[in-house]
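Here are the chains, one letter per residue:
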Amino acid sequence: MTDLLLSVKNLRVELATHREVVHAVEDVSFDLGAGQTLGIVGESGCGKSMLLRAILGLLPRGGRVTGGQVIFQGTDLLSLNNQQRRDVRGRSIGMIFQEPMTALNPVMHVGDQIAEGPIAHLGYTKKAGRQRAVELMQQVGIPDARRRFRAYPSELSGGMRQRVMIAIALACEPQLLLCDEPTTALDVTIQDQILKLLLHLQESTGVSMIFVTHDLAVVSQMCQSLAVMYAAELVEFGLVASVLPDPTHPYTLGLLRAVPDFDKVKAMLDPIPGIPPSLVDPPEGCRFRPRCEFAQEDCATGDFPLQFTEEGRASSCIHQVLCRNAAHADPVIGSRAAH
Amino acid sequence: MTRGMYIRRRLLLMLPTAFGVTLVTFLMIHLIPGDPAVTMLGVRATPKAVAALHREWGLNKPLYEQYWLFLTRVVRGNFGVSLFYNSSATGIILSASLVSLSLIVYAVVLSVVIAVPLAVLAATHRNGISDQAVRAIPLIGMGMPSAWIAIMLILLMGLKFHLFPVAGLQPGVLGHLDSLFLPGLTLSLGIAPLLVRSLRSSLIDAFDADYVTTARSKGIHEYRVLIRHAIRNALASSLNILGLQIAFLISGTLVVETVFALPGVGALMVNSIYRRDFPVVQGVTFVLALAVILTNLGTDVVHSLLDPRVRFE
Amino acid sequence: MTDRVNAYQSEVLNSVSRRSFLKTMAAGGAVVGGATAFGSLLVDPFAGASAARRGGDLTFARVADPQTIDPSAAIDTESIWTCLSLYECLYNVTADGHRTTPWLAVSYDISQDQRAWTFHLRPGVKFSDGRPLDSTDVRFTLERALKGPNSYILSAVNAIDTPNASTVVIHTAHPWGPLLGDMSMYSNAILPNNLRGATAAQFFEHPIGTGPFILESWTKGQKLQMKRNPHYWQNGKPYLDSVTLLTVPDDNTRLLQLRGGQADIMEGAPYSSIAALKSTPGIDVNLFKSSAVSFIAMNEKKAHFADVHVRRAISYAIDRATIIKDVLFGHGTPAASFFSPAWPFYQANTPKLWYDPAAAKHQMAMSKYPKGFKTTFALASGDNLNGTIAQIVQSNLSVIGIDVAIQSYDPSTLATLQSSAHYDMSPGLMTLDIGDPDENVPAAVAGAYGGINSAYTSYNSAKVLQLTHQSELTVATAARAKMYARIQTIVAQDCPFAMLYYSPYPYAQQSKVHGFKVPPTGAYHLEDVWLS
């Protein structure tokens, strides 16, 4: 096991809207080693983005952390004051957002947006910051970087914008990069370029990453470990290599079944029936129970915390055996497990 | 289209508009009764004297000829001779325009100075007491006539505390700044409420925008997030409101100019209409039309400078 | 003279309206008791001079900008009053307005045939450029004025002789009673001979006169600055170093400038503010006796008003007490004669066709319209003072069956409607600028002879016309007094105007201002003003 970089413990996040309070993240814990990449998958609205934003304290208006710790390099980020938190943001932890169109300031040269971090954290002069921005732009593969420095986001393609975003996040050589669905908004071919760029940058800088996505294919390409999130809770955790071929939670199995696989011809995707429960007033028992094909009576009551099963793996399902058997019987997932 | 080409084209397009406005004014003022010769000569003027004055002024010529004369003069930057003051209309209009221009610039600067901090206060304390206050108080201000505000300001800041001159225009740059403060403030109190409301909602939009989250994720100071990211975007979207307000001010400074005894275009226009001082009326109309058009153009250009997404078509 | 638009209270509008038709005045008009006596030169020309302090700048907030500083072209009050600080006349009007007093001339002789007036110029008078006044200057001035818009005042003048440098002889076509008064007319204020060789345009950039002050600068629409004339002939005067005339059309703003110390004197203090101003420490209010006469003109070209019974009925129906209370806040007196008490030859016992509903109804019954009729009252838009009057008149006339619609026009349009006789009723105002009623009488009541059809009423009385001529051709004062008394009586009975009131000139000033007196003509003598 590598050195521990980040440890999230029993994190809880609430999001207050006009009339109701959404429990967006409930009692989530996980660890991340230095140089490692963790993938967090789950459906839209499961709380994975809130989890990521809570780490940096960038929750949207109405959001607040109600419990837990985020221990980064031995310090609980949640206990920091504003100034200390700003020192971490951008300097030690960078972040990439889903929509490069809206995540960049439309009225500011992209180069200046990149240079802001180094100027704020590394004591760069304006000129040095610009120099650094041009270097970064070249590093993230933006051709003609010197000229593009003065471009506005609206003058760049989606892929170029995301490269700018990456340059911003990596500008101060942080130890951790938080990626919130960085490729979701991009064309498939561009997605691949961006993922390869991130892998390449990780190799050269050794940065750790948390990769929030709903795409298991991306996870298998990018990540060493995987956390599956359902209805504000973690339901499965483990190494990608062990979880994907051998899921121990029915929701993970459902996600795997919904993945198109072009190697093995599969006539139809199997979407998970039903919809996730409301997070305003979540039901008792296992939250996946109403949609679960293996649900038993004992799933209806009690708490379902992550249970550690074997080395580095955990699942909240109390009927894991049923799930594993079903996975093994599946021609696609089973064949993967056989590899 | 580049910005330069766009500006050139707009400038060319504005000439027909400005002349159109002067043509309408020209016809209107000549078609209503009233004779400038009576203004000059008094009621006892003999018909002979009136006719002589008409000849001297060219008022005996057909209307189309008079308008043509006006056009050919304007092209050379000459508005003719004021019938009332018997001196260059261009000079009279120019000096009045300078007063009004300074007044409007002052008002705009003051309204921005007033509106930006209030909007920031309201937007950063959304739905709090300061937000409610900032949203409610200007509404009261908007309901008050500017003449009343002007007199209240004079009573308070001119008479009670002797901070500023009560009225009139003091000579020199400092004198102008001093004596235009209260009128500028009066006008700005008329614009600021709309500007505050518009800026506040743009700022709230900006604060919720992804790019502000991005900016915060960089760990830069909140102050810089506000200034460089939020306000600049909010200003870009509130600029059109400001532009409309300025255009409105250009034609609406009369009341303030009257109360503060400022020799601006508003007073000049009204007086000249009453005196049937045709060259001045036409000249002022032309200048006002140009000013409104230039303000719109300026708003567009500044908007494009603030927001690179604006395209010229 | 006649002014159909009593402007004044109407902010911006009035600065125009007042200029638009002959001159008007800054104040309404009416004699309030205790009119302040302006030191008559006949009695003691330099009274109070010993106490006066020399120096200082006087800031004077006025209602409107002067139109011109060429006295021969002046027709509006601001121009006239400004001109009379820069240039002076041979004779001036006395403090009571009833006579003339020597000014640049010290005396005159009249020939046996009463057709040659010999004026002896005051010795030692110099123009502001240091050159002495002589008879050629006077001749040049009068000849120039004969070509200006006020030339009617010199209509009897045939020729002007200058037998020597200090003597001017004016020959008239026939005996001409008003001549001395005519010499006090602002348009006859003395300019240097041949304008010192300059064109009029050049000359009036930096004019030269014998007045107490010299023009320093004029920012049109804003202010006019004058400085002391070092060559002024009245010993020790002017006291002030300089005078700044501000143009401040808004009543409230002038008031605030006065209270804020930005102005030393304000013209046209609103009647509504007089009580409050009087109790303000450091501020004095003066209601100077004026020559102003307010009336309602009735257009006899319209059939209704051609009937003298209708005109009398209207005069009887109007409640002057209410008008004076509501419009002038009590600062006026009801008018019967179209002469003000401040005019020469005012006749106090002129018949009074005053508020008497029974008499009004009786006159209506005798008229061709016993059941009444519909008519209109035309006034200038923004003219608040006459707007209030119009409402009171509307309500008064409804009692005798006359249904009045009030119509507002912009001042220039209104002037056109009046001069072309396209109106029914309209407010009017007269002031007198000279020491003789002949400036006004022909225009006001002598029909076509006065040039404006009896102040646009088209009133025509053969007897009045004949008396007007006769009074002009008569030099003897006592004889003229009888003729003017007769004219006042006839006009009151014929009632071409519904006479309203006489109002004062309301001025307010800082207490530190001394010696500011306004004669009935309105032309104040700023050389007497000093600051403590």
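Residues numbered from 1 in each chain as written. Chains lettered and ligands numbered in written order. Predicted model: local features only at pLDDT ≥ 70, side-chain atom pairs only at ≥ 80, totals over all residues. Heavy atoms only, no water.

Caption draft 1: Highlighting the packing of helix 9 (residues 308-317) of chain C against helix 11 (residues 357-366) of chain C. Residue and element names in this part refer to chain C. Two numbers describe how helix 9 lies on helix 11: the axes approach to 8 Å, and their chain directions differ by 165°. As the angle between them shows, helix 9 and helix 11 are arranged roughly antiparallel. Of the two elements, helix 9 crosses helix 11, and the hand of that crossing is left-handed. Taking contact as the criterion, the partners of His309, Arg312, Ala313, Tyr316 and Ala317 in helix 9 are, on helix 11, Pro357, Ala359, Ala360, Gln363, Met364 and Met366. Across the contact of helix 9 with helix 11, the residue classes tally to eight nonpolar, two polar and one charged. (Axes fitted to C-alpha atoms, helices over the stretch in contact; angles between N-to-C directions. Helix = DSSP H or I, 4+ residues; strand = E, 2+ residues; numbered from the N terminus. Parallel < 35°, antiparallel > 145°, perpendicular 65-115°, else oblique. Left-handed = near helix turned anticlockwise from the far one by under 90°. Contact = heavy atoms within 4.5 Å. Nonpolar A, V, L, I, M, F, W, Y, C, P; charged D, E, K, R; others polar.)

Caption draft 2: Representation of the interface of chain C and chain B within the structure. Facing 44 residues of chain C, the contacting portion of chain B comprises 36 residues. For the pair chain C and chain B, the summed buried area comes to about 3200 Å², and 60% of that belongs to carbon and sulfur atoms. Together, Gln67(C), Lys220(C) and Leu256(C) form the three largest contributors to the area buried by chain C at its contact with chain B, with a combined 17%. Our enumeration of links across chain C and chain B arrives at one salt bridge. Of the charged contacts, one joins Asp410(C) and Arg276(B) as a salt bridge, the two residues approaching to 2.9 Å between their closest N and O atoms. Linking chain C with chain B are six residue pairs in polar contact (both at pLDDT 80 or more). (Buried area = accessible area lost by both parts, 1.4 Å probe. Salt bridge = Lys/Arg side-chain N within 4 Å of Asp/Glu carboxyl O. Polar contact = N/O pair within 3.5 Å; in protein donor to acceptor, adjacent residues only side chain to side chain.)

Caption draft 3: Structural context of the pairing of strand 8 (residues 208-213) of chain A. All names here are of chain A. In terms of residue burial, strand 8 counts as a mostly covered element, since six of its six residues are buried. Burial along strand 8 is two-sided: Ser208, Ile210 and Val212 facing one way and Met209, Phe211 and Thr213 facing the other are all buried. Bridge analysis of strand 3 (residues 37-41) against strand 8 gives five bridges, and the strand direction is parallel. Bridging from a neighbouring strand, Val41 pairs with Thr213 of strand 8. Pairing of strand 7 (residues 176-180) with strand 8 involves five bridges; the strand directions are parallel. Pairing of Asp180 across the sheet is with Val212, part of strand 8. Regarding the hand of the β-α-β motif, the stretch spanning strand 7, helix 8 (residues 188-205) and strand 8 is right-handed. (Buried < 20%, exposed > 50% of the residue type's maximum accessible area, 1.4 Å probe, protein only. Pairing = 2+ DSSP bridges. Right-handed = clockwise from strand over helix to strand, strands pointing away.)

Caption draft 4: Up close: the interface of chain A and chain B. Listed per partner, the contact involves 28 residues of chain A and 23 residues of chain B. Taken together, both faces of the contact between chain A and chain B bury some 2300 Å²; the carbon and sulfur share is 54%. Sorting the residues of chain A by area buried against chain B places Arg86(A), Val107(A) and Glu116(A) first, and these three jointly supply 27% of that buried surface. Among the ionic pairs, Asp208(B) bridges to Arg61(A), the shortest N-O distance being 2.5 Å. Put simply, chain A and chain B have 14 residue pairs in polar contact (both at pLDDT 80 or more) between them. Counting only elements with at least two residues in the side of chain A that touches chain B, the list comes to helix 1 (48-56), strand 6 (93-96), helix 3 (100-103), helix 4 (110-121) and helix 7 (158-170) of chain A. If you tally residues by element for the side of chain A that touches chain B, the top one is helix 4 of chain A, at five residues. Residues belonging to the side of chain A that touches chain B are distributed by class as follows: 14 nonpolar, seven polar and seven charged.

Caption draft 5: Here's a closer look at the sheet that holds strand 7 (residues 157-164) of chain C. Residues and elements named next belong to chain C. The strand order across the open sheet formed by four strands is 5-6-8-7, and the pairing between neighbours is antiparallel. Every interior strand has two partners, whereas the edge strands, strand 5 (105-110) and strand 7, have only one. Pairwise comparison of adjacent strand axes, ignoring direction, gives a mean angle of 20° for this sheet. Bridge count for strand 5 against strand 6 (residues 116-121) is five bridges, and the pairing is antiparallel. Residue pairing across strands places Asp109 opposite Thr118, the latter belonging to strand 6.

Caption draft 6: A look at the sheet that holds strand 6 of chain A. All names here are of chain A. Read from one edge of the open sheet, eight strands run 6-7-8-3-9-10-12-11, paired in mixed fashion. Only two strands of the sheet have a single neighbouring strand rather than two, namely strand 6 and strand 11 (307-308). Against the sheet, helix 7 engages strand 6 and strand 7, with an angle of about 170° to strand 6.

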